[in-house]
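Residues per chain, in single letters:
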Amino acid sequence: MKMKKYTKTYSFVLIFLIFTGICSFHSCTDDFTDYNTNKSQMMAVGPKQLAGLFSRTQMEGINWLTTDNYSRMSSTMANHFAGYIVCGIYNQEQNIMNTGWQNTGFSRIYSSAYPPLQSIFDVSKNGVNDAAYNVGLIWKVFLLHRITDLWGPVPYSKAGSGEAVVPYESQKDIYYMMFDDLNTAVTALNSLLQKTPGLNVFGAGDMIYNGDVAKWIKLANTMRLRLAMRISNVDASKAQAEAEAAVQLGTMETNADDALLAVNKWASGGNGMPRMESFYQDVMSASMESLLKGYNDPRMQEFFSPVDPVNITDAFPAELKTNAGGYHGMANGSEPTHFSYFRAFSKYGPRFKDGNQLITPVNIMNASEAWFLKAEGAWRGWNMGSGTAQSFYEKGIEISIKQWKGTNFSSTAITAYINGTTTPVAPENYPYNDPPMTNIPVKFSSDKTTQYEQIITQKWLGLFPISFEAFAEYRRTRFPKIYKKKYSANANVNPANGQIVTRLPYTTGEKTSQPGEVEKAVQLLGGPDLETTRLWWDVNPNGN
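All of these numbers come straight from a predicted model, not from anything done at the bench. (Residues numbered from 1 in each chain as written. Predicted model: local features only at pLDDT ≥ 70, side-chain atom pairs only at ≥ 80, totals over all residues. Heavy atoms only, no water.)

Caption draft 1: Inspection of the overall build of the protein chain at higher detail. Of regular secondary structure, the protein chain possesses 22 helices and four strands. Scaling as 2.2 N^0.38, a compact globule of 544 residues should have a C-alpha radius of gyration of about 24 Å, and the protein chain matches this with 23 Å. By its C-alpha atoms, the protein chain is 65 × 50 × 45 Å across when sized along the principal axes. By residue count, 62% of the 544 residues in the protein chain fall in the buried class. At a minimum sequence separation of 6, the contacts of the protein chain that also span at least 24 residues come to 77%. Accessible surface, the protein chain as shown: approximately 19,200 Å² in total, 50% of it carbon and sulfur. Positive and negative side-chain charges of the protein chain, numbering 49 and 48 respectively, have mean locations separated by a distance of 2 Å. (Helix = DSSP H or I, 4+ residues; strand = E, 2+ residues; numbered from the N terminus. Rg over C-alpha atoms; globule rule 2.2 N^0.38 Å. Buried < 20%, exposed > 50% of the residue type's maximum accessible area, 1.4 Å probe, protein only. Contact = heavy atoms within 4.5 Å. Areas by Shrake-Rupley, 256 points an atom, 1.4 Å probe, with all protein chains shown as cover. Lys, Arg positive; Asp, Glu negative; His and termini not counted. Charge placed at Lys NZ, Arg CZ, Asp CG, Glu CD.)

Caption draft 2: Representation of the packing of helix H10 (residues 213-230) against helix H16 (residues 367-379). Running from N to C, H10 and H16 point in directions that differ by 40°, and their axes come no closer than 10 Å. In terms of axis orientation, H10 runs oblique to H16. For the element pair H10 and H16, the recorded crossing hand is left-handed. Note on element contacts: H16 touches H10 through Glu369, Ala370, Leu373, Lys374, Glu376 and Gly377, opposite Thr222, Leu225, Arg226 and Met229. Counted by class, the contact of H10 with H16 contains four nonpolar, two polar and four charged residues. (Axes fitted to C-alpha atoms, helices over the stretch in contact; angles between N-to-C directions. Parallel < 35°, antiparallel > 145°, perpendicular 65-115°, else oblique. Left-handed = near helix turned anticlockwise from the far one by under 90°. Nonpolar A, V, L, I, M, F, W, Y, C, P; charged D, E, K, R; others polar.)

Caption draft 3: Molecular detail of the pattern of salt bridges. Within this structure, the stated rule accounts for 33 salt bridges. Across the pair lysine 140 and aspartate 181 runs a salt bridge, and its minimum N-O distance is 4.0 Å. Linking lysine 140 in helix H8 (residues 130-151) with aspartate 181 in helix H9 (residues 171-195), this pair joins segments that are 41 residues apart in sequence. Here lysine 481 makes a salt bridge to glutamate 453, at a shortest N to O gap of 3.6 Å. Placement of lysine 481 in the loop between helix H20 (467-477) and helix H21 (508-513) and of glutamate 453 in helix H19 (residues 448-463) is noted, with a sequence separation of 28 residues between them. The partly exposed category is assigned to lysine 481, whose relative accessible area is 39%. Each of Asp149, Arg226, Arg230, Glu369, Glu376, Arg380, Lys459, Glu469, Glu473 and Arg476 takes part in a single network of salt bridges with overlapping partners. (Salt bridge = Lys/Arg side-chain N within 4 Å of Asp/Glu carboxyl O.)

Caption draft 4: Summary view of the environment of valine 442. In this fold, valine 442 is placed in the loop between helix H18 (411-418) and H19. Residues valine 442 and serine 124, 318 residues apart in the sequence, show an inter-C-alpha distance of 48 Å. Ignoring any residue separated from it by four or fewer positions in sequence, one finds valine 442 in contact with Tyr295, Tyr393, Ile397, Tyr417, Ile418, Gly420, Thr422, Gln454 and Gln458.

Caption draft 5: Representation of the packing of H16 against helix H17 (residues 389-405) in the model. For the pair H16 and H17, the least separation of the axes is 8 Å and the interaxial angle reads 165°. Taken together, the axes of H16 and H17 are roughly antiparallel relative to one another. As H16 runs across H17, the sense of the crossing is left-handed. Between H16, through Ala367, Ser368, Trp371, Phe372, Lys374, Ala375, Ala378 and Trp379, and H17, the contact on the second element is made entirely by Ala389, Phe392, Tyr393, Lys395, Gly396, Ile397, Ile399, Ser400 and Gln403. Classifying every residue of the contact of H16 with H17 by side-chain character gives eleven nonpolar, four polar and two charged.

Caption draft 6: Looking closely at H18. Regarding H18, the residues found buried are Ile414, Tyr417 and Ile418. Each buried residue of H18 sits inside an arc of 100° when the element is viewed along its axis, so together they form one side. Turned more than 90 degrees away from the buried face of H18, the exposed residues are Thr412 and Ala416. Structurally, H18 contributes buried residues whose contacts are with H17 and H19. For H18, the N-terminal capping position is held by serine 410, with its side-chain oxygen 3.2 Å away from the main-chain nitrogen of threonine 412. (Arc of directions from axis to C-beta. Polar contact = N/O pair within 3.5 Å; in protein donor to acceptor, adjacent residues only side chain to side chain.)

Caption draft 7: View of unusual backbone geometry. Note that the residue after phenylalanine 464, namely proline 465, is joined by a cis bond; omega there is 5°. With respect to the element layout, proline 465 can be found in the loop between H19 and H20. Residues phenylalanine 479 and proline 480 are joined by a peptide bond in cis, for which omega reads -5°. Position of proline 480 among the secondary structure elements: in the loop between H20 and H21. The phi angle at asparagine 95 is positive, at roughly 80°, despite the residue not being glycine. Along the chain, asparagine 95 turns up in the loop between helix H6 (90-93) and helix H7 (99-124). Look at asparagine 95 and you get buried, because its relative accessible area is 3%. A positive phi is found at asparagine 296, a non-glycine position, where the angle reads about 50°. Within the element layout of this structure, asparagine 296 appears in the loop between helix H13 (286-294) and helix H14 (300-303).

Caption draft 8: Up close: H16. Relative to the 18 Å expected for 13 residues at 1.5 Å per residue, H16 spans 19 Å between its end C-alpha atoms, a close match to the ideal helical length. With twelve of 13 residues buried, H16 is to be regarded as a mostly interior element. All of the buried residues along H16 are Ala367, Ser368, Glu369, Ala370, Trp371, Phe372, Leu373, Lys374, Ala375, Glu376, Gly377 and Trp379. Buried positions along H16 lie against H10, helix H11 (236-249), strand E4 (362-365), H17, H19 and H20. Downstream of H16 by a residue or two, glycine 381 has a phi angle that is positive, lying close to 95°. (Expected span 1.5 Å × (residues − 1).)

This is the structure:
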């Protein structure tokens, strides 16, 4: 992809007026990338347009999670690779790479989400609007950390530069630059906040925090902690230093800090999960069933729904007819013939029912993750502030349950869950009838090895439905012990040999437009451009 496509620089004043006055947020999104004007026209963008530009970069930046691209990038990719669901498009559930859809996912970030962000940088740099510039830096890291964690070496420092060729950079270099960007942003914003308490930037144009700079600072520090943990197995000293700095500066704490992108003012589109529910495209995985039932988890009825008896026909095997009215998960990678019985398994929960596309906000990042990250940090012996691995772990569970059940949910029930000694059950995933996924209880163990599995397993539950992060953490830790896929239609991935998908191959668009840079990227990757090649931070063997 040539750089002009990365920056697709628009006459944003005109587009902003068109989109706010006529299209109203999302209704014209599909046509937005067709606009392509000269880079010099960005100079027409002024401070008054910044809020509109930020709305645009947020909307485009989460297109993998909205009705726009949820099927292409979440349902058929990250959701099932993370072990959360089984995808009804069975060839992709069975590890087939849809390169066309992945090309769309990649290009939309650089060609649609990044240009309005670059315009914010251009207009607000050099002290013109430090608040806008530095909140923009935080959003840049959010956008591009997902890209590098899927593909590996990608463009970072020169994204939006307008150069004819956009250099790919090593993942290590990208991570170090992301740490620098987050540190720069937080330092600047903290200074501004001290001078102007209650500082707001972008106002209603910020669909996540409504312009609250203090909350953006917490998000940035939590993201810094997330990225620090990601490199903990490959660059331990850097990881510890970044993690401890992030905690000292203040991470997300309560559900009031949750980053949820509101869609209720969009004219169309919205949260992609209700659309998948209407398609009956995603169902509960057997891994989810084993954990949620074994722990008697109160989040089960929020994540998923009982199987509707109307979906069970006489043609179904007797073993599946009993699924009616219950919560049931399907085996990941089930063989093609078993997808005839796909509707015998649980769809998403009530807030993700069809019709809630413009009601249920999109999960960007949640406070519970910060507590589980601190739990792992403390487990590693890092200074995570006042607390222990156990206290942080238990707080993460509490915050996650309240996220789904509300702040008034019984504290007695939460305590009982935290102290629970039951273990995961054998899922009723006919015809495989797997044993329990693992044997760990929720109650924090005295055994250090078990503690680690518990922290990551509860973190996996707490991350739902943020599958891109869950997929990244599964690759980093190989926890939780989700069931292997039963079948792979992709000859490059052999589940029986312990292989999993560890990245996405470079897109056809990039191979065509920047072949030299893609070749360099493969060298930086350190292995072939395959879906089984490990990223820099993934030190786990991939296959026996």
